[in-house]
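# Tertiary structure, described
Single-letter residue listing:
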Amino acid sequence: QVELVESGGGLVQAGYSLRLSCVNSGRTLTNLAMGWFRQAPEKEREFVAAISWNGGYTIYADSVKGRFTISRDNARNPVYLQMDSLKPEDTAVYYCAAGPRPTLSGSYYSFEEYDYWGQGTQVTVSS
């Protein structure tokens, strides 16, 4: 059973940092690719970052490259999204996603490839 729970969201000023965490309350996330997506009001859900099942491969959206870092600790379950130099345009609900298919397809950026989703955590960046 995979039940994803995100945490770490909040309200920060532009230029500050936040670290989001995603844990699986059911079992470890080993062997599952993990992704972070976000959705701002009146906008479509968009890809942010993803990491392979063993942490050996990461991919980022151009809008966050160099500012966000995705990582995982398979021994301890969590997947993290370190967000630095936050901008007001980063304001959104951030969702954690997991699934085996991105490993096979290579389509880490496509939300349709993920089978499991968390409820989301709000990130608000003020100017």
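Residues numbered from 1 in each chain as written. Predicted model: local features only at pLDDT ≥ 70, side-chain atom pairs only at ≥ 80, totals over all residues. Heavy atoms only, no water.

Moving on, we come to the overall build of the protein. A tally of regular secondary structure across the protein gives one helix and 11 strands. For 127 residues, the compact-globule estimate of 2.2 N^0.38 gives 14 Å, and the protein sits close to it at 13 Å. Counting all 127 residues of the protein, 43% fall into the buried class. For the protein, the proportion of contacts with a sequence separation of at least 24, taken over those separated by at least 6, is 57%. For the protein, the distance from the average position of its 11 positive side-chain charges to the average position of its 13 negative side-chain charges is 5 Å. (Helix = DSSP H or I, 4+ residues; strand = E, 2+ residues; numbered from the N terminus. Rg over C-alpha atoms; globule rule 2.2 N^0.38 Å. Buried < 20%, exposed > 50% of the residue type's maximum accessible area, 1.4 Å probe, protein only. Contact = heavy atoms within 4.5 Å. Lys, Arg positive; Asp, Glu negative; His and termini not counted. Charge placed at Lys NZ, Arg CZ, Asp CG, Glu CD.)

Our next topic: the state of the cysteines. Going through the model one piece at a time under the given rule, you end up with one disulfide. Through a disulfide, Cys 22 is tied to Cys 96; the S-S separation comes to 2.0 Å. Its torsion about the S-S bond being -75°, the disulfide of Cys 22 and Cys 96 is classed as left-handed. Taken together, the residues Cys 22 in strand S3 (residues 18-24) and Cys 96 in strand S9 (residues 92-99) connect sequence positions 74 residues apart. Like Cys 96, Cys 22 is buried. (Disulfide = S-S within 2.5 Å.)

The next thing to look at is the pairing of strand S8 (residues 79-83). Within S8, four of the five residues are buried, which leaves it mostly tucked inside the rest of the structure. Sheet topology note: the S3/S8 ladder contains five bridges and is antiparallel. Of the residues in S8, the one forming a bridge with Arg 19 is Gln 82. Where strand S7 (residues 68-72) and S8 come together, five bridges link them in antiparallel fashion. Considered in S8, the bridge of Arg 72 is made with Val 79. (Pairing = 2+ DSSP bridges.)

Working definition: two side chains of opposite charge can pair if their charged atoms are close together. If you walk through the whole model with that rule in mind, you get five salt bridges. Across the salt bridge formed by Arg 38 and Asp 90, the nearest N and O atoms sit 2.9 Å from each other. Placement of the pair is Arg 38 in strand S4 (residues 33-39) and Asp 90 in the loop between S8 and S9, with a sequence separation of 52 residues. On the basis of relative accessible area, Arg 38 is assigned to the buried category, the value being 5%. Classification of Asp 90 as buried rests on a relative accessible area of 1%. Through salt bridges with shared partners, a single ionic network connects Arg 38, Glu 46, Arg 67 and Asp 90. (Salt bridge = Lys/Arg side-chain N within 4 Å of Asp/Glu carboxyl O.)

We now examine the environment of Leu 18. Looking at where Leu 18 falls in the secondary structure, it is placed in strand S3. For the pair Leu 18 and Leu 86, spaced 68 residues apart in sequence, the C-alpha to C-alpha distance is 8.1 Å. With residues up to four places along the chain from it excluded, the contact list for Leu 18 reads Gly 8, Gly 9, Gly 10, Val 12, Leu 81, Gln 82, Met 83, Leu 86 and Val 123.

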